[in-house]
Amino acid sequence: MAAITHPLHSLTLTFKTPNPRFTPLPKLTISATSSSNRHISGRKLTAAIIGGGPAGSSAAEALASGGIETYLFERSPSGAKPCGGAIPLCMLEEFSIPPDLIDRKVTHMKIISPSNLTVDFGKTLKPHEYISMLRREVLDSYLRSRAESKGVMLVKALVTNLDVPFQPNQPYIVNYTVNNRMEYLPVDVVVGADGANSRVAKAIGAGDYACAIAFQERIKLPDDKMEYYENLAEMYVGNDVSPDLYAWVFPKCDHVAVGTWTMCSKQYIKQYQHGVRSRVYPKIAGGKVIKVEAHPIPEHPRPVRVRGRVALVGDAAGYVAKCTGEGIYFAAKSGRMCGEAIVKASEGGHRMIDESDLKREYLKQWDLQYKTTFRFLDLLQHVFYGNNAAREALVELCGDEYVQRMTFESYLYKKLAKGNSWEDFKMVSNTIGSLIRCKLVGKQMEAFDPNVLAKVARLHKIS
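Residue indices follow the written sequence of each chain, beginning from 1 at its first position. Reporting in this predicted model follows two pLDDT cut-offs: at least 70 for local features of residues, and 80 or more for side-chain atom pairs to be given and counted; totals over whole chains, interfaces and linings ignore these cut-offs and use all residues. Think of the side-chain values as coming from all heavy atoms in the structure, minus any hydrogens and water.

### Observations concerning the overall build of the protein chain
- A count of helical and extended segments in the protein chain gives 14 helices and 21 strands.
- Burial here depends on accessible area, computed with a 1.4 Å probe over protein chains only, as a share of the maximum for the residue type. Under 20% is buried, over 50% is exposed, and the range in between is partly exposed. Going through the 463 residues of the protein chain one by one, you find that 58% of them count as buried.
- Any two residues having at least one pair of non-hydrogen atoms within 4.5 Å are treated as being in contact. Long-range contacts, defined as pairs at least 24 residues apart, comprise 73% of the intrachain contacts of the protein chain with a sequence gap of at least 6.
- Computed by Shrake-Rupley with a 1.4 Å probe, the accessible areas treat only the displayed protein chains as cover when residues are assessed. With the model as given, the accessible surface of the protein chain reaches about 19100 Å², and the carbon-plus-sulfur share is 52%. In this text, helices come from DSSP runs of H or I with a minimum length of four residues, and strands from runs of E with a minimum of two, each type numbered from the N-terminal end.

### Some points on unusual backbone geometry
- Unlike most non-glycine residues, asparagine 116 shows phi in positive territory, near 70°.
- With respect to the helices and strands, the residue asparagine 116 is situated in the loop between strand 7 (108-112) and strand 8 (118-121).
- The phi dihedral of cysteine 323 is positive, around 80°, even though this residue is not glycine.
- Structurally, cysteine 323 can be placed in the loop between helix 7 (314-317) and helix 8 (328-345).
- For cysteine 323, a relative accessible area of 1% corresponds to the buried category.

### A short note on the environment of histidine 274
- With respect to the helices and strands, histidine 274 occurs in helix 6 (residues 269-284).
- Here histidine 274 falls in the exposed class, since its relative accessible area comes to 55%.
- In sequence terms histidine 274 and threonine 260 are 14 residues apart; their C-alpha atoms lie 9.7 Å from each other.

### A few points about the nonpolar core
- What makes a nonpolar core is a set of buried Ala, Val, Leu, Ile, Met, Phe, Trp, Tyr and Cys residues whose side-chain atoms join them at distances within 4.5 Å. Ranked by internal contacts, the top residues of the largest apolar core, which has 117 residues, are Phe73 and Tyr362.
- Residue contacts for phenylalanine 73: discarding those within four places in its chain leaves Ala48, Ile49, Ile50, Gly51, Gly52, Val155, Val159, Val174, Tyr176 and Leu185.
- Core analysis: the next-biggest nonpolar cluster, separate from the first, contains 15 residues, Ile112, Tyr229, Ala247 and Val258 among them.

### Re the sheet that holds strand 8
- Within the open sheet, the seven strands sit side by side as 8-7-16-17-18-15-19. Their pairing is mixed. The open sheet has two free edges, formed respectively by strand 8 and strand 19 (288-298), since each of these has just one partner strand. Each strand axis lies, on average, 15° off the axis of its neighbour in the sheet, ignoring direction.
- Relative to strand 16 (residues 232-238), strand 7 runs parallel, the two being bridged by five bridges. In the sheet register, histidine 108 faces strand 16, and the bridge partner there is leucine 232.
- Fitting a line to C-alpha atoms yields each axis, with helices limited to the stretch in contact; the angle taken between N-to-C directions then spans 0 to 180 degrees. Strand contacts of helix 6: strand 7, strand 15 (211-220), strand 16, strand 17 (242-251), strand 18 (256-262) and strand 19, with the helix running at about 145° to strand 18, the strand carrying the most contacts. DSSP-based pairing: two strands are paired if at least 2 bridges between them are found.

### Description of the pattern of salt bridges
- Any Lys or Arg side-chain nitrogen found within 4 Å of a carboxyl oxygen on Asp or Glu counts as a salt bridge. Enumeration according to the criterion identifies 23 salt bridges in this entry.
- A salt bridge links arginine 360 to aspartate 357, with the nearest nitrogen and oxygen atoms 2.9 Å apart. With arginine 360 and aspartate 357 both in helix 9 (residues 355-384) and three residues apart, the pair spans about one turn of that helix.
- Residue class for arginine 360 comes out partly exposed when judged on its relative accessible area of 39%.
- Overlapping salt bridges bring together Glu137, Arg218, Lys291 and Glu293 as one network.

### Section: helix 10 (residues 388-398)
- The buried fraction of helix 10 amounts to eight of the eleven residues, a majority that puts the element mostly inside the structure.
- Those residues of helix 10 that sit buried are Ala390, Arg391, Glu392, Ala393, Leu394, Val395, Leu397 and Cys398.
- You can read the cap of helix 10 off the contacts: a side-chain oxygen lies 3.1 Å from the backbone nitrogen of alanine 389, and it is on asparagine 387. Pairs of N or O atoms are called polar contacts if they sit within 3.5 Å, as long as, within protein, a hydrogen donor faces a hydrogen acceptor (for residues adjacent in sequence, only side-chain-to-side-chain pairs).

### Here we look at the packing of helix 1 (residues 54-65) against helix 3 (residues 136-149)
- It is the contact of helix 1 with helix 3, at a shortest axis distance of 9 Å, that shows an interaxial angle of 15°. As summarised for this structure, helix 1 and helix 3 are arranged roughly parallel, according to the angle between their axes. At the point where helix 1 passes helix 3, the crossing takes the left-handed sense. Residues Pro54, Ser57, Ala60 and Glu61 of helix 1 pack against Arg136, Leu139, Asp140, Leu143, Arg144, Arg146 and Ala147 of helix 3.
- When grouped by side-chain class, the residues that make up the contact of helix 1 with helix 3 number five nonpolar, one polar and five charged. The labels follow the angle: roughly parallel below 35 degrees, roughly antiparallel above 145, roughly perpendicular from 65 to 115, and oblique for the rest. Each crossing is labelled by how the near helix is turned from the far one, with a counterclockwise turn of less than a right angle marking it left-handed and a clockwise turn marking it right-handed. In this classification, Asp, Glu, Lys and Arg are treated as charged, Ala, Val, Leu, Ile, Met, Phe, Trp, Tyr, Cys and Pro as nonpolar, and every other residue, Gly included, as polar.

### Some words on helix 6
- The sharpest bend along helix 6 comes to roughly 45°, located at serine 278, with the proline proline 282 sitting one to four residues further on.
- Three or more residues of helix 6 are buried, namely Ile269, Tyr272, Gln273, Gly275, Val276, Arg279, Val280 and Ile284.
- Among the structural elements, strand 7, strand 15, strand 16, strand 17 and strand 18 are those in contact with the buried residues of helix 6.
- Glycine 286 occupies a position one or two residues after helix 6 and carries a positive phi of about 90°. Two axes define the bend at a residue: one fitted to the seven residues ending there, one fitted to the seven starting there, and the bend is the angle between them.

### Some remarks on the packing of helix 8 against helix 9
- In contact at an axis separation of 8 Å, helix 8 and helix 9 are set at 155° when each is read in the N-to-C sense. Looking at the two axes, helix 8 sits roughly antiparallel to helix 9. Considering how the two elements wind past one another, helix 8 and helix 9 form a crossing that is right-handed. Residues Tyr329, Phe330, Lys333, Ser334, Met337, Cys338, Ala341, Ile342, Lys344 and Ala345 of helix 8 pack against Asp357, Leu358, Glu361, Tyr362, Gln365, Trp366, Gln369, Tyr370 and Phe374 of helix 9.
- Residues of the contact of helix 8 with helix 9, tallied by class, amount to twelve nonpolar, three polar and four charged.

Following this line, the structure appears as C-alpha cells:
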C-alpha cells in the first residue's frame, strides 16, 4: 500500500501500488499558487489515462516516455471491442507494430452493391502494399504492455467517476473500484480514452454526440471456406445490410468477422446482421459463430474535447471517420498527440499546465491536421450512402483504377495522394455521370461544387 497526502484537500488517500515492478511513489504535495503554470518542485506532473485501448495506451506511452508520472486505468484487459480490425500500412511503421501481430495481409477487396454488382477494389496496390487485419484484443494488449515497459502504472480497475476540482490549483480525483473496494487517486491531468460512453466526458460536461451501433459475429469457417478469405475482405452496401453505412466480412487468424453498423436505425441492427449473413451465406455455410459483439461508435467529434486539465482522445472525443468507420489509427494518433502535447506544455513534467496549453498544443494541432478530412468524409457519406441508387453509383465508381489508386494511397499513408488534373476532371465527370445514371442528380447535387466532389472522391477510404 502507498499513501499520498494532499494538503489542499486535508485528506490522506490510500491505494494499492498497481504494479509490483515499480517502487511506491513518494508523497505528492500540491501547493496552491497564484499561477496555474507554476514550476513543480519535488515531484513530476501526474496524469491518469482512463481507458486502455489504442488511444489510452498511446497517450500513456507518450506521457511516461516524456517524464510524466502516468497511471493507465483499464477495467477489462482481456476484453475486445467489436471492430473490423483494419489498420493502414503507415501505422505499422509509425507505431512500431510487430508483423507477428497481423492476422492477415489483405491485398484484395470486393465491394458489392445492392444489386450484387461486384467490383474488385485493390487492383492498383503495389507488391509491398496491403491492409493489415488484426484482432483488437491482440493489438490492445501489446500496446498496454509496451506502455508499461516505459514506466506506466497499469491499474486494472473500473473508474466509477471523476471529481472535478472547484479551483484551478486543486487535483482531479479519480474514483475506481478494485477487488470490490473503492479507491481514489489524485492527479494533475486526466486523459479520457474510455470510448463512446465516456464517463470522463460526462464528468467535464463535454456534451453528447450521435452514435452508430456496430454488431459483429466472429465465425469460424471450414478450411476450404477460410481459404477463400485468405487475403480477401468484402464490403456490402444496401438497405438490407445498413440503411446509412455498410457491412463487412474481414478475415482474421482462423475466422472471419461478419458485421454491420447503422446510426439511424439502431433498433433493427440484428435485422441488418441477418441481411449480411443472407448475402454472404454461400461463402460462410458450415461456419460456427464463436463470438458475438456489439458496441457504440461515435459519428462526429464531441462539442467539447478539452476542459480544464482534461482532454478527450479516440472514441471519447469522437474521432471515428465518417463513411469509412475507421477509428484505430485516429485513436492511436490522437492519444500520442495528446500525450506529446502535455509533455511539451509541462516541459517534461516540471511545470503545471492548464486548459489553454491543451487547446494550443493538442486540440489546435489535431484540427489543423484532420478536421478537413473528417468533413470531406461526412460529405461523401451524405452523397453516396443515402439510398440504393447512390450506392450503386459508388460501386460503379470504385471500378475506376484512378479512383482506386487515389483511394488507397490516401488510406494507406494517411496523406492526400498527388493527383493529375486531367484525371481529376474525369473523376468528377464520372462521379456526376454515375449519379445521373442512378437517378440521383437534382436539387441535392446542385449544392455541390465540382472541385469539392473531386476532393471527396480523392479522400474516399475503405477500412
